[in-house]
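# Inside the fold
Residue strings, one per chain:
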Amino acid sequence: MSPYSRSGKKQSSSATKKPWWLNKDPIAAAEEGSFEHTIPSRQFLRQIMEEAEEPYTFPELAEWLQISAEGALIGLERRLGAMCRDGQLHQNRAGEYALAVKLDLVAGTIHGHPEGFGFLLPDEEGEDLFLAKEEMRRVFHGDKVLARIKGKDRRGRLEGAIVEVTQRNTQDVVGRFVIENGVSYVEPSNPRLIHSVLIEKTDRGNAIEEQIVVARISQQPNRRTIPVGTIAAVLGDASQPGMETEIALRSHGIPHEFPKAVLKEAKAFGETIPQDAINSRKDLREVPLMTIDGEDARDFDDAVYAEPNGNGWRLYVAIADVASYVTPGSALNDEAIERGTSVYFPNRVVPMLPEALSNGLCSLKPEVERLALVCEMKISDKGKVTSAKFYDAVIRSHARLTYNDVWAALSGEDPRAEKRLAKPLPHLKTLHALYAALLGARKRRGTVDFETQDAAFMFDAEGRVAGLMPYERNDAHKLIEECMIAANVEAARYLQKHQMAALYRNHADPSEEKLERVNAFLGGLGLSAGFSGNVTPADYQKLLKSVAERPDRELIQTMLLRSMAQARYEPACEGHFGLALQEYAHFTSPIRRYPDLLVHRAIKHFANGGKAADYNAAAGDMEQLGKTCSNHERRAEDASRDVQSWLKCEYVQQHLGESFDGTVSSVTNFGLFVMLDALLVEGLVHVASLNSDYYHYDAVSQSLTGERSGKSYKPGDKVKVTVAAANPQERKIDLAIEGDEKPEPNRRQRRSKAAQGKKSATKKSAAKKPSASKSVKKPKATANKGPKPTKKRRKR
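The text that follows walks through the structure, step by step, so that each part is easy to find. Each chain has its residues counted from 1, following the order in which its sequence is written. Only residues with pLDDT of 70 or above have their local features reported here, since the model is predicted, and side-chain atom pairs are shown and tallied only from 80 upward, although totals for entire chains, interfaces and linings are computed over all residues. Hydrogens are left out, water is left out, and the side-chain values use all remaining heavy atoms of the structure.

Right, let's talk about the nonpolar core for a bit. Put simply, buried Ala, Val, Leu, Ile, Met, Phe, Trp, Tyr and Cys residues joined by side-chain atoms within 4.5 Å make one nonpolar core. Between buried and exposed lies partly exposed: a residue is buried under 20% and exposed over 50% of the maximum accessible area for its type, with that area taken using a 1.4 Å probe on protein chains only. Counting 50 residues, the largest nonpolar core has Leu315, Val317, Met377, Leu428, Leu431, Phe587 and Ile603 as the members making the most contacts within it. Note on conventions: DSSP H or I runs of at least 4 residues are helices, E runs of at least 2 residues are strands, and numbering of each starts at the N terminus. When residues in this core are grouped by element, the largest group, 11 residues, is from helix H14 (residues 475-497). Listed in part, the 45 residues of the second largest apolar core include Ala318, Ala323, Val374 and Leu625.

This is the structure we're talking about:
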């Protein structure tokens, strides 16, 4: 008989001072005394429900767990409710709780597709579930649901049916306000939101047709009705500068205004460091630490200094001590969890912390005293860290340097830069020598180094894109990156050694399924990699080196990138595949990443005399925090990608009808993607716009070949293309091979062209047509998923 069956459950005893489960739940035991009422942790509740023979009602659970105080009952009920919302538990119609997995239900997040279908991304390990259009009618992209597996669809994919929507995550929808035949609705700017939102005439507010608005959802979608909402805000015209960022913030649900309580807490710290905080720390103010960042950086969270030490070096990595200001239970902490990370757009930053901290007390500005957590390492001439220690310190940055200036001085290419940096130059040369040793160790370790072409946006005085320029990484970037990686590794080792609860940065090995796809793809190109479950980063790097001179090298690199897992924040250390490291955590950016802040708290607790047993790690449920931070990281990346795609389309609109040299970057069954060499943006030549011929796609050779003409297109081919259309709101750039016949517009397109600028009466033609080059006809169909984004923020 299970100890957790109704007939065998433990009864409360008046003689028991503490509930029986407290010693079996180390997380709850660590919390005891920190809160008025201690309740079981999520992990323990999952454990006992896993062993339970049948579901339990709330009163049965409370009795069994010996919980009777009103405050504890409220806490338990809230925790169970949160576990239901997260899909860990399911409450049936009888009010009984059970683990979702024991009911053969899959908990996960909805991932919508612009074509109307979608997928369920499971919270736990497992295959994604395909969701047909009829299933997607009742949910928004991003909603949390429980689903059952129906079987497999005709393409062999696991197909799901939604059983319950556990959490509605779309409360506001940003999009274009449309009035059609007297009916008004908001057409979402996020293509993954497949529902238009109906707006009653009385709920239009001051919105004018074609404006970008925010609709507040008053009735969520279901199988029979579309969502209904009211106009909550009018953002303005789609073409005004900065609108793309405003749309992305709201479309992805990114918090961008700080509550008053948060601003008040941040301001209360003042602008200087109190003397008592300085007295209790190691004094490194005379150590010539310096920051090296981009020209436009405003938050300086790391400073470095290296000095010779025998045959090697002593490296100091000083990181802003954010944990001294942002403490558990504070409004600042709650807001930092809600944001998870700072979000970097080409023309704007949405910080995780208020500016009073991110650009003030926690920014390591030159010649001002700042609190820091320091990782001091001894490194051999082979680039191996032989010892490391962490401690609180007070520092004073001796210089604010930029990557370009540092490299100009180190390379000897700019005598003026050498003169400007004459004072720190000897220290920079020491750092560069250390970097050479760390780089050697990196190569021997066998990391994967992808060669990507990044681009930086240039803006005019009005905030519009004036152009894109290649963003080159020099040795100064790599020098700082290697110093940060070394500190991150030592932080992970320190946490593991002392068994401190925190979040690690894990990057799992590629799955067998993805490796099989890579092997098949490479085989079609005449390459044999033979990747299997024991593949190493060095194997990937060896392949990349062998194809470096091939015209399809970028396509091969893209396939390898897609085969790799997404990095995640998790409470167990499982290593980092891409960096070929067994231990890794994020330590170096607590100003802009919440997991780094958690790592700082754990290190500071032990370094200042605490023990793992008395560290209150359960305050935020580390496992759940890891999922939340991972999701917020992806949310930020998606939003940034959307803005970059929008801005590239907006920029290309200036070149409608113009011809450019380009390179075929990839080929699909619906067309070929071409990178415009001069503009550094990518667009789609749809198969419908190619010469009058039937084109056949060969997945093995990654080519499109004309049936009659024999004309073939494959990755690496040089082509001459004309910019046919660009739609920022759809993130689409359409190209046409120069000299090819363009398809005749269909009847709706001819009617729209004849109207010459009048507002369309149909939903599809409501979008504004490009004003330039009226002779350019848009292809009949497009399947462009938008230009590829670029990033210039360093990421370790």
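Text resumes after the structure shown.
Another point: the pattern of salt bridges. Any Lys or Arg side-chain nitrogen located within 4 Å of an Asp or Glu carboxyl oxygen qualifies as a salt bridge. Here the structure, examined in full by the defined rule, presents 44 salt bridges. For Arg314, the salt bridge goes to Glu376, with nearest N and O atoms at 2.9 Å. Of the two residues, Arg314 is situated in strand S16 (residues 312-320) and Glu376 in strand S19 (residues 369-379); the sequence distance between them amounts to 62 residues. Glu376 carries the same exposure label as Arg314, and that label is buried. With a closest N to O distance of 2.9 Å, Asp392 and Lys604 form a salt bridge. With a gap of 212 residues between them, Asp392 in strand S20 (residues 385-396) and Lys604 in helix H18 (residues 594-607) connect regions that are remote in the sequence. Residue classification places Asp392 among the buried residues on the basis of a relative accessible area of 13%.

One way to put it is that helix H15 (residues 512-524) packs onto helix H17 (residues 553-563) with a least axis distance of 9 Å and a crossing angle of 165°. When the interaxial angle is binned, H15 and H17 end up roughly antiparallel. For the crossing formed where H15 meets H17, the hand is right-handed. Here H15 contributes Lys514, Val518, Phe521 and Leu522 to the contact with H17, which in turn contributes Leu555, Ile556, Met559, Leu560, Arg562 and Ser563. Classification used: nonpolar for Ala, Val, Leu, Ile, Met, Phe, Trp, Tyr, Cys and Pro, charged for Asp, Glu, Lys and Arg, polar for all others including Gly. Counted by class, the contact of H15 with H17 contains seven nonpolar, one polar and two charged residues. Every angle, taken between N-to-C directions, lies between 0 and 180 degrees, and every axis is a line fitted to C-alpha atoms, over only the stretch in contact when it is a helix. Should an angle fall under 35 degrees it is taken as roughly parallel, and over 145 as roughly antiparallel, whereas 65 to 115 is taken as roughly perpendicular and any remaining angle as oblique. The hand of a helix crossing depends on one turn: near helix anticlockwise from the far one by less than a right angle means left-handed, and clockwise means right-handed. Between two residues, a contact is recorded if the distance between any of their heavy atoms is within 4.5 Å.

Mapped onto the fold, Glu369 is located in strand S19. Those residues in contact with Glu369 that sit more than four places away from it in its chain are Ile273, Ile278, Arg285, Val394, Ile395 and Arg396. Whenever a nitrogen or oxygen atom comes within 3.5 Å of another N or O atom, the pair is scored as a polar contact, on the condition that within protein one atom can donate a hydrogen and the other can accept it, and that pairs from neighbouring residues in sequence are kept only if both atoms are in side chains. Engagement of the side chain of Glu369 in a polar contact is seen with the side chain of Arg285, the distance being 2.6 Å.

Let us now look at the sheet that holds strand S27 (residues 671-676). Two orientations exist for strands paired in a sheet by backbone hydrogen bonds: parallel and antiparallel. Any two strands with at least two DSSP bridges between them are considered paired. The five strands are arranged S26-S27-S28-S33-S32 in a closed barrel whose pairing can be described as mixed. Averaged over all pairs of adjacent strands, the angle between their axes in this sheet comes to 50°, without regard to strand direction. Pairing between strand S32 (residues 718-727) and strand S33 (residues 732-737): six bridges, direction antiparallel. Among the inter-strand pairings, Val723 is bridged to a residue of S33, identified as Leu735.

Keep in mind these numbers describe shape, not what the thing actually does.
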